[in-house]
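These are the residues of each chain, in order.
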Amino acid sequence: MLYQIKQYLKFLKNSSNQHGIHSPFVYNLVTLCFYNKTKFKAYHTLEQYREKLYQNNTIISVTDFGAGSRVFKSNERQVSKIAKTAGITKKRARLLYRIADYFEINNALELGTSLGLATTALSLGNKNANIVTIEGCPETAQIAKQQFKAFNLQNIDLKVNNFETELATIKNEKFDLIYIDGNHQKEATLNYFEMLLHNIHNDSILIFDDIHWSASMTAAWQEIKNHPQVTVTIDTFFWGIVSFRKEQEKEHFTIRV
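Quick caveat, the model's predicted, so the values are computed rather than measured.

1. Digging into the confidence of the model for the protein chain
The pLDDT averaged across the protein chain works out to 94; a share of 96% of its residues lies at or above 70. Low confidence marks residues 67-71, where pLDDT is under 50. Its contacts with residues over four positions away, or in another chain, come to eleven contacts.

Next up, the structure:
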């Protein structure tokens, strides 16, 4: 936690808003998407989905393949508490929806379904898009599956498997947007990144969650930024956003959202 506080103070010192952004691609993304104040109808659905989870007192056994939890001491966890402490926040869910809507995604991939809060944001971003989401924990995936059915989210393909195995089966598929929120460890994150390079096209966007979770995650983010195929990166503190547009000069932005 102390590391994250120090990183956040550093972020505040170095970050900016839309002023001074000379890249039209990034300027438009920030002003038309990040800072869009429209009250989208989808926000209501996102809140209903969240509220239904908050009311779910079922206890499940969580299989954790990642860096573990800083909140839970046991793998026996109540669904409502997972949703309140480990799920994507209301603000980030809305932002993820806006990003999916802004880029008019047709195919999206998510690593780490959890209870499906972020998946729902992607799904609502374009109801005609195909959303593939992978979750390693069977009991968590079952709750998400029940929620998707209850909210009639028919464009979601939920796969229960470990990430590496599933990614190997879809290495020839291309995705417009990839959201990575699973194993918050450097080696795993870089491994996923290398595997996902098979799944990108020129206009693909990758979003890495919790890039300042730890010193090793920040180091992983630095390596991703320096990768020769990466052109534009945006650090929002909680997310690292990656673009591969060949027409862009290599540039890094630190943006307050």
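2. Here's the deal with the environment of Ser216
By secondary structure assignment, the location of Ser216 is in helix H10 (residues 215-226). The exposure class assigned to Ser216 is partly exposed, which follows from its relative accessible area of 31%. In sequence terms Ser216 and Phe103 are 113 residues apart; their C-alpha atoms lie 30 Å from each other.

3. Overview of the packing of aromatic side chains
Summed over all chains, the structure comprises 14 aromatic pairs. Centre to centre, the rings of Phe40 and Tyr43 are 5.6 Å apart; their planes meet at 75°, and the pair counts as edge-to-face. With respect to class, Phe40 is no different from Tyr43; both count as buried. Taking 5.7 Å as the distance between ring centres and 75° as the angle between the ring planes, the aromatic pair formed by Tyr179 and Trp239 counts as edge-to-face. Here Tyr179, found in strand S6 (residues 177-180), pairs with Trp239, found in strand S9 (residues 239-243); they are 60 residues apart in sequence, far enough to count as distant. Looking at Tyr179, the relative accessible area reads 1%, which means it is buried. Exposure remark for Trp239: the relative accessible area of 0% places this residue in the buried category.

4. Points about the nonpolar core
Counting 55 residues, the largest nonpolar core has Phe34, Leu96, Ile99, Leu177, Ile207, Ile234 and Trp239 as the members making the most contacts within it. If we skip the residues at most four places from it in the chain, Leu96 touches Ile88, Ala118, Ala121, Leu122, Tyr179, Ile207 and Trp239. Of all hydrophobic cores here, the second largest spans 26 residues; its members include Leu109, Ile134, Phe163 and Ile224.

5. Examining the packing of helix H3 (residues 42-54) against helix H6 (residues 117-125)
Between H3 and H6, the least distance of the axes is 10 Å, while the angle of their chain directions is 155°. As far as their axial angle goes, H6 and H3 are roughly antiparallel. H3 and H6 meet at a crossing whose hand is right-handed. Mapping the contact onto sequence places Ala42, Thr45, Leu46, Tyr49, Arg50 and Leu53 in H3 and Leu117, Thr120, Ala121 and Leu124 in H6. For the contact of H3 with H6, the per-class residue count stands at seven nonpolar, two polar and one charged.

6. A look at a nonpolar patch on the surface
Taken together, the side chains of Met1, Ile5, Tyr8, Leu9 and Leu12 make up a nonpolar region of the molecular surface, amounting to roughly 510 Å² of accessible area. Within the secondary structure layout, Met1 lies in the segment before helix H1 (2-14). According to the relative accessible area criterion, Met1 is exposed, its value standing at 65%.

About the criteria used
- Residues numbered from 1 in each chain as written.
- Predicted model: local features only at pLDDT ≥ 70, side-chain atom pairs only at ≥ 80, totals over all residues.
- Heavy atoms only, no water.
- pLDDT = per-residue confidence, 0-100.
- Contact = heavy atoms within 4.5 Å.
- Helix = DSSP H or I, 4+ residues; strand = E, 2+ residues; numbered from the N terminus.
- Buried < 20%, exposed > 50% of the residue type's maximum accessible area, 1.4 Å probe, protein only.
- Phe/Tyr/Trp six-rings, centres within 6.5 Å; stacked < 30°, edge-to-face > 60°.
- Core = buried A, V, L, I, M, F, W, Y, C linked by side-chain atoms within 4.5 Å.
- Axes fitted to C-alpha atoms, helices over the stretch in contact; angles between N-to-C directions.
- Parallel < 35°, antiparallel > 145°, perpendicular 65-115°, else oblique.
- Left-handed = near helix turned anticlockwise from the far one by under 90°.
- Nonpolar A, V, L, I, M, F, W, Y, C, P; charged D, E, K, R; others polar.
- Patch = residues over 30% accessible without salt bridge, like charges linked within 9 Å, V, L, I, M, F, W, Y side chains within 5 Å.
- Areas by Shrake-Rupley, 256 points an atom, 1.4 Å probe, with all protein chains shown as cover.
- Salt bridge = Lys/Arg side-chain N within 4 Å of Asp/Glu carboxyl O.

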